[in-house]
Amino acid sequence: MQDTIGIDISKATLDAHRLIDNEAQQFANTPAGLRALRRWIGTKMPDLVIYESTGAYHAGIERSFGGVLPLVKVNPVQARRFAQARGTRAKTDAVDARILAMMGTALDLVPDAPADKNQPALKEMQIARMALIKERTRLLNRSKTQTLAILKRQSKARLGQIKRQLAELEDALLKLARQCPRRARAFDILCSIPGLGRITAVAILVECPEIGTLTRKQIASLAGLAPMTRQSGQWRGTAFIQGGRKFLRDALYMPALVAARFNPDLRQKYQAMISDGKPAKVALTALMRKLIELANALVRQDREWTPKTA
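Now for a look at the structure at hand.

Reading guide: rules and limits
- The residue count restarts for each chain, going from 1 along the sequence in the order it is written.
- With pLDDT at 70 or above as the cut-off, local features in this predicted model cover only qualifying residues; side-chain atom pairs require 80 or more to be listed or tallied, and sums for whole chains, interfaces and linings still use all residues.
- The basis for the side-chain values is all heavy atoms of the structure; hydrogens and waters are excluded.
- Three labels apply to residues, based on accessible area from a 1.4 Å probe with only protein chains included: buried if under 20% of the type maximum, exposed if over 50%, partly exposed otherwise in between.
- Under the DSSP-based scheme used, a helix requires at least four consecutive residues in state H or I and a strand at least two consecutive residues in state E, with every element numbered from the N terminus.
- By this definition, two strands are paired if DSSP reports at least two bridges between them.
- Any helix carries an expected span of 1.5 Å times its number of residues minus one.
- In what follows, a disulfide is any cysteine sulfur pair within 2.5 Å.

**Regarding the pairing of strand β2 (residues 13–18)**
Then step 1. Where burial is concerned, most of β2 is hidden: six out of the six residues are buried.
Then step 2. Residues Thr13, Asp15 and His17 of β2 are buried on one face, and the alternating residues Leu14, Ala16 and Arg18, pointing to the opposite face, are buried as well.
Then step 3. In sequence, strand β1 (residues 4–9) turns back onto β2 through a hairpin of three residues.
Then step 4. Judged from the six bridges that link them, β2 and strand β3 (residues 23–28) form a sheet pairing that is antiparallel. The partner of Leu14 across the bridge, within β3, is Phe27.

**Examining helix α12 (residues 280–301)**
Then step 1. The end-to-end C-alpha distance of α12, which contains 22 residues, comes to 31 Å, matching closely the 32 Å that a straight helix rising 1.5 Å per residue would cover.
Then step 2. In the stretch just after α12, Asp302 is the one whose phi turns positive, near 55°.

**Examining the state of the cysteines**
Then step 1. Applying the stated criterion across every chain yields a total of zero disulfides.
Then step 2. Cysteine Cys180 is unpaired, with the sulfur of Cys208 as its nearest cysteine sulfur at 15 Å.
Then step 3. With a relative accessible area of 0%, Cys208 lands in the buried category.

**A word on unusual backbone geometry**
Then step 1. Phi is positive for Asn22, close to 55°, though the residue is something other than glycine.
Then step 2. Positionally, Asn22 belongs in the loop between β2 and β3.
Then step 3. Here the phi dihedral of Asp302 falls at roughly 55°; this positive angle occurs in a residue that is not glycine.
Then step 4. Looking at the secondary structure, you find Asp302 in the segment after α12.

What follows is the structure, encoded as structure tokens:
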């Protein structure tokens, strides 16, 4: 049996379960609690430390133990399905920690590659930028129906503030992204692709730090852009995309629109699909997949984009 440790993370606590001896312990989700958790794990390196993705609440685990312990981050839905497959209906923090520890052995999970030290800061700034963009959209839509002078004045002032904050955030994102030589090189490669701007390139690097290390099928699946076949017996359903990293797909949408017009290679593919009767959304999704596959291949080969020669 592997020496696996499952950690169920909540806002206030960390419930840990060591599978090899079934020892369990709860710690506070604070810097002091993380230090106590490290002492509990001890000097003997476990095979795996499995935890669920929980937004901001798992950031402390990654900051404290990234590159130190063999961390494995799993999808909460996957963990719940695993528990149900084992016939476990109860759902408590302690039970979830034990289930996570079992997943490491049952599913042959492997440790995640250690994240760059600036990756959490980049992710946090990217989330803040997206929140500002959503707020700007809401304000612009609301301002179209406002009739009172005071409301128009406040909306205009807030839009100006959002514009300044976005410019400041984007400048900070670009500077931080270029501090790592490997990421800076990947950034230059992505910017060489027609349709990918600087902010989109940073968004791709933030949402997909694994870029350049995956196969063509793996990167498409990671982005949720690989069609899922549906069939059973003689029945054949319509294939569609699902799962994957939504924010990565969001970052690829506008570049795909631009590429459909200005990228000579992808424009030809888009027009061919439309001529064959494919819906515009299907053709656009295909371009999004081609873009992320192209970006992954170029980063892996460490070369910038060049147009195809006749």
